[in-house]
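# Coordinate inspection notes
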Amino acid sequence: MTHEEAVSARHEALNWAAMQKLPEDGIKKDMLFYWFQARDASASSAGDRGIIEAITKKPVKTIIPDDVVKDKMLQEALFQKAYIVDVQVQTIEGKASLYKILRVSESFDR
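Please read all numbers here as calculations on a predicted model, not as lab measurements.

## Looking at the overall build of the protein chain
A tally of helices and strands in the protein chain yields two helices and five strands. Counting from the amino terminus, the protein chain carries its helices and strands in the arrangement α-β-β-β-α-β-β. Sequence-distant contacts in the protein chain: of pairs separated by 6 or more residues, those separated by 24 or more amount to 59%. Total accessible area on the protein chain stands at roughly 7,400 Å², and carbon and sulfur atoms take up 53% of it.

The structure is reproduced here in structure tokens:
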């Protein structure tokens, strides 16, 4: 392998590695979700973390773009509830990094 071929191969490998770190998106419907940690203000999402065990048993940063939906959850005993949700899952390197709750269809006691 010549020096130029080695430089080219290294450049391609670095580009491939960088592409692997780009987030992947996927919308999952009717997933069972429960809160691990939540802020008590509907407009605040810093610190909100939830679990969808079918994806990962670890808490994942969670956002709810619709303040009305989060307000409704906050009025319940949200840590004693489970929710059926449609969620956009964003991953980095194949690991869930962000849940974006799109719709909550029902809640029930855990």
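Next, the rest of the story.
## Concerning the packing of aromatic side chains
Scanning all chains against the criterion turns up one aromatic pair. Between Phe33 and Trp35, the aromatic rings sit 5.1 Å apart at their centres with planes inclined by 80°, giving edge-to-face as the arrangement. Exposure class is identical for Phe33 and Trp35. Each is buried.

## A closer look at the pairing of strand S2 (residues 49-52)
In terms of strand pairing, S2 meets strand S3 (residues 56-63) through three bridges, oriented antiparallel. Looking across to S3, one finds that Gly50 is bridged to Val60. The antiparallel hairpin formed by S2 and S3 contains three residues in its connecting segment.

## Some remarks on the environment of Ile63
Considering the arrangement of structural elements, one finds Ile63 in strand S3. For the pair Ile63 and Ile101, spaced 38 residues apart in sequence, the C-alpha separation works out to 6.3 Å.

## Points about the nonpolar core
Residues Phe33, Trp35, Tyr83, Val85, Val87 and Tyr99 are the most contacted members of the largest nonpolar core, which totals 14 residues. For this core, the elements supplying multiple residues, two or more each, are strand S1 (24-37), strand S4 (81-92) and strand S5 (95-109). No other element matches the four residues that S4 contributes to this core. Each residue touching Val85, except ones within four places of it in the same chain, is listed here: Lys28, Lys29, Asp30, Met31, Phe33, Ile101, Arg103 and Val104.

What counts, and at which threshold
Here the residue numbers are simple positions, counted from 1 along each chain's written sequence. pLDDT decides what is reported in this predicted model: residues at 70 or higher carry local features, side-chain atom pairs at 80 or more are listed and counted, and totals for whole chains, interfaces and linings draw on all residues regardless. The side-chain numbers reported here are obtained from all heavy atoms of the structure, hydrogens and water having been left aside. Here a strand is any run of E in DSSP of at least two residues, a helix any run of H or I of at least four, and the numbering for each starts at the N terminus. In what follows, a contact means two residues having at least one pair of non-hydrogen atoms within 4.5 Å. Computed by Shrake-Rupley with a 1.4 Å probe, the accessible areas treat only the displayed protein chains as cover when residues are assessed. Think of it this way: a Phe, Tyr or Trp ring, Trp meaning its six-membered ring, pairs with another when their centres are within 6.5 Å, and the plane angle makes it stacked under 30 degrees, edge-to-face over 60, tilted otherwise. Only protein chains enter the accessibility calculation, which uses a 1.4 Å probe; a residue whose area is less than 20% of its type maximum is buried, one above 50% is exposed, and one in between is partly exposed. Each pair of strands is called paired provided DSSP finds at least two bridges between the two strands. We define the nonpolar core as a collection of buried residues of types Ala, Val, Leu, Ile, Met, Phe, Trp, Tyr and Cys that are connected through side-chain atoms lying within 4.5 Å of one another.

Nothing here speaks to function; it is all geometry.
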